[in-house]
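Descriptive analysis of the structure
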Amino acid sequence: EKGGFPSFMEKEIFDQPAAVADTLLGRSDAEGRLTLDELRIDAEDLTKINKIVVLACGTSAYAGQVAKYAIESWCRIPVEVELSHEFRYREPIVDKKTLIVSISQSGETMDTLMAVRYAKEQGAKTMSICNTNGSTIPRESDAVLYTHAGPEIAVASTKAFLAQITATYLLGLYLAQLRGNLFSGQIKDILADLGKIPAKIQDILDRSGEIKELARSMADASSVLFLGRHVGYPVAMEGALKLKEIAYIHAEGFAAGELKHGPIALIDDGQPVFVVVPSPRGRDSLHSKVVSNIQEVRARGAKTLVIAEDGDNAVKDFSEFVFYVPETPTLLMPLLATVPLQIFACELATAKGFDVDQPRNLAKSVTVE
Ligand code: F6R
């Protein structure tokens, strides 16, 4: 059932081209129009919302953070992302013009379920992005957009994460279409870029040997830092979470811009630092700022491990190791840049002899608060 892979986690990492392709399947027509009729929320109501609040935990919350960049850029609707368990304990401002988007692989996470119930009581519209058919959160929500990653067995989430990000892009494009924020040609172009993602993930998987070799050489690391900016920030946090969960290594993800506000004090000789570099073809200042961050940590002795886009020659001179991912628009980059970090964690944990599918102290679905 592991399809020849040593673990479910590795199998699920390699399932990701299909997870993304299947989540896209059947959700737009040949003209490049989104067809999310399955949503069951009145299009009229969706055009009236003035705020989106994404509620989720763990990896699913990082998918929400990626969604914030895309939805705000495409739809010009403010998007807040909040951990479900924090949301309920403040006095959040939600009303019938608020769209709650919960994201949950299992659909059973108690913290998220309780947050959705709370928001519903306040009159908000609730939509669930979920990977598990008929589970509790989608059943209790006004609408559901299923991710089609297939069952995820390994405790650490991988393919569900990419499918969640994909689903939030579909939602963002659908809202932009309904509300007229993007021209139909723009939506069609973005859908075409999304359609090319599965083959690009496959290209990364075909070169997984490069990252596995790095991981095996770092089995003794006691701490690994991850830096990213813009959509690379949630990618960095996801890379760190994977390493904590299955390799039991201290790892932290930072917004690269925060470095000088504290975290740079952590850097000393040999400290491994992954840096997620945005496309050099995107917003110029974004790329050059991150390249400067690489130089800053390198100057203080860091071992710089870089995820960059094909053809980015600016990073080479400052990096111990570079893994290149195929070109894609910046907003879609998390679907590619996350993959080498998943492979890294999986291989490193395996090299340490750990059971990557069943990490200590963790359960696949957290049904208690
Ligand atoms: C990370 C992981 C957890 C889950 C979190 C939410 O690898 O598995 O952080 O992402 O517990 O779970 P769901 O998405 O089922 O609500």
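Residues numbered from 1 in each chain as written. Predicted model: local features only at pLDDT ≥ 70, side-chain atom pairs only at ≥ 80, totals over all residues. Heavy atoms only, no water.

Some thoughts on helix α4 (residues 58-75)
Here α4 is 18 residues long and its end C-alpha atoms lie 25 Å apart, about the 26 Å a rise of 1.5 Å per residue gives. Among the residues of α4, Thr59, Ser60, Ala61, Tyr62, Ala63, Gly64, Val66, Ala67, Ala70, Ile71, Trp74 and Cys75 are the ones counted as buried. Two residues or fewer after α4 comes Arg76, characterised by a positive phi angle close to 55°. (Helix = DSSP H or I, 4+ residues; strand = E, 2+ residues; numbered from the N terminus. Expected span 1.5 Å × (residues − 1). Buried < 20%, exposed > 50% of the residue type's maximum accessible area, 1.4 Å probe, protein only.)

Thoughts on the site of the ligand
Among the 13 residues in the neighbourhood of the ligand, the closest are listed as Ser60, Ser104, Gln105, Ser106 and Thr109. Ser106 is positioned with one of its side-chain polar atoms (N or O) 2.7 Å from an oxygen atom of the ligand. A distance of 2.8 Å separates an oxygen atom of the ligand from a polar atom in the backbone of Ser157. Isolated, the ligand exposes 410 Å² of accessible area, and the fraction of that covered by the protein chains is 89%. Looking at the shell around the ligand, the elements with two or more residues in it are α4 and α12 (232-247). With three residues, α4 is the largest single contributor of residues to the shell around the ligand. Per-class residue counts for the shell around the ligand are three nonpolar, eight polar and two charged. (Near = heavy atom within 4 Å. Polar contact = N/O pair within 3.5 Å; in protein donor to acceptor, adjacent residues only side chain to side chain. Areas by Shrake-Rupley, 256 points an atom, 1.4 Å probe, with all protein chains shown as cover. Nonpolar A, V, L, I, M, F, W, Y, C, P; charged D, E, K, R; others polar.)

With respect to the pairing of strand β1 (residues 51-56)
With six of six residues buried, β1 is to be regarded as a mostly interior element. Covered by surrounding structure in β1 are Lys51, Val53 and Leu55 together with Ile52, Val54 and Ala56, the residues of both alternating faces. Handedness of the crossover joining β1 and strand β2 (residues 79-83) through α4: right-handed. (Right-handed = clockwise from strand over helix to strand, strands pointing away.)

Describing the sheet that holds strand β10 (residues 321-325)
The five strands are arranged β7-β6-β8-β9-β10 in an open sheet whose pairing can be described as parallel. In the strand order of this sheet, the two ends are held by β7 (250-255) and β10, each with one partner. Geometrically, the sheet is characterised by an average inter-axis angle of 15° between neighbouring strands, direction not taken into account. Pairing analysis gives five bridges linking strand β9 (residues 303-309) to β10, with the strands arranged parallel. What sits directly across from Glu309, in β10, is Val325. Sheet contacts for α12: β6 (223-228), β7 and β8 (272-276); angle to β7, the most-contacted strand, approximately 175°. (Pairing = 2+ DSSP bridges. Axes fitted to C-alpha atoms, helices over the stretch in contact; angles between N-to-C directions. Contact = heavy atoms within 4.5 Å.)

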